[in-house]
Amino acid sequence: MPSRRTILWTLFTIQGVCCAYFVTDVALDLFLPNHNSTLAESDVVEAIITLALFLGLAFTASELRHVLRRQDQITDQLKVASGAFADLLEVRFGEWNLTEAERAVAVLAIKGYSVAEMAKLRDTAQGTIKAQCAALYRKADVSGRLQLLSLFLDDLMADTLVPA
């Protein structure tokens, strides 16, 4: 059985041919009113083309419903993951007894900010940020930013947040 992608592209091509037929028919009627073409005047051909367009429309509507349903599911999963991540941050930060400053630096580090960027955002010296990062990594028992992030990713991936 052909894939959905193949079916969609096939229907798109068929609809393009149907559109070309109707455009040609209209152009002939407008610019060559005395032109007599059996293909352009055939009710059977127009009925077949109309049926092809209708079937394409029905399949497209079905695919659109499927895509929108999947988008809603992904949006729900993202909301749950986002909330779960925020909850997970709070639990871990509490377990590690992080200060408010260390919590803020931890969030920025997880987001991928450099020490210089964190210092600018926090309006503090880079040395202070480095010291807070060192304290954070020591309390979390990790060697750096990547291990810190991997702790959270491992926890999030351990459970399915929303069933598919």
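Look up: the structure comes first, before these words.
Report on the accompanying structure. On a predicted model such as this, the values are computed, not experimentally measured, just so you know.

1. Focus: the pattern of salt bridges
- Taken as a whole, this structure holds five salt bridges when the rule is applied.
- Where Arg-103 meets Glu-100, a salt bridge forms, and the shortest distance between an N and an O atom there is 4.0 Å. Placement of both Arg-103 and Glu-100 in helix 4 (residues 100-111) is noted, with a separation of three residues, approximately one turn of the helix.
- Owing to a relative accessible area of 62%, Glu-100 belongs among the exposed residues under this scheme.
- For the salt bridge of Glu-102 with Lys-139, the shortest nitrogen-to-oxygen distance reads 2.7 Å. Taken as a pair, Glu-102 in helix 4 and Lys-139 in helix 6 (residues 126-140) lie far apart in primary sequence, 37 residues in all.
- What emerges from the salt-bridge pattern is a single network uniting Glu-90, Glu-100 and Arg-103.

2. Notes on the environment of Gln-73
- With respect to the helices and strands, Gln-73 occurs in helix 3 (residues 43-95).
- Residue classification places Gln-73 among the partly exposed residues on the basis of a relative accessible area of 22%.
- Taking the C-alpha atoms as reference points, Gln-73 and Leu-53, separated by 20 residues in sequence, lie 30 Å from one another.
- At a separation of 2.5 Å, a polar atom in the side chain of Gln-73 contacts the side chain of Arg-70.

What counts and how
Within any chain, residue numbers begin from 1 and follow the written order of that chain's sequence. In keeping with the model being predicted, local features are shown solely for residues with a pLDDT of at least 70 and side-chain atom pairs are shown and tallied solely at 80 or more, while totals for entire chains, interfaces and linings include all residues. Working from all heavy atoms in the structure, the side-chain values ignore hydrogens and water. The working definition used for a salt bridge is a side-chain nitrogen of Lys or Arg within 4 Å of a carboxyl oxygen of Asp or Glu. In this text, helices come from DSSP runs of H or I with a minimum length of four residues, and strands from runs of E with a minimum of two, each type numbered from the N-terminal end. A 1.4 Å probe rolled over the protein chains alone gives each residue an accessible area, and that area as a share of the maximum for its type sets the label: buried under 20%, exposed over 50%, partly exposed in between. In protein, a polar contact means a hydrogen-donor-capable atom and an acceptor-capable atom, both N or O and within 3.5 Å, with residues adjacent in sequence counting only if both atoms are side-chain atoms; elsewhere, any N or O pair within 3.5 Å suffices.

Bear in mind that shape data such as this cannot, by itself, settle questions of function.
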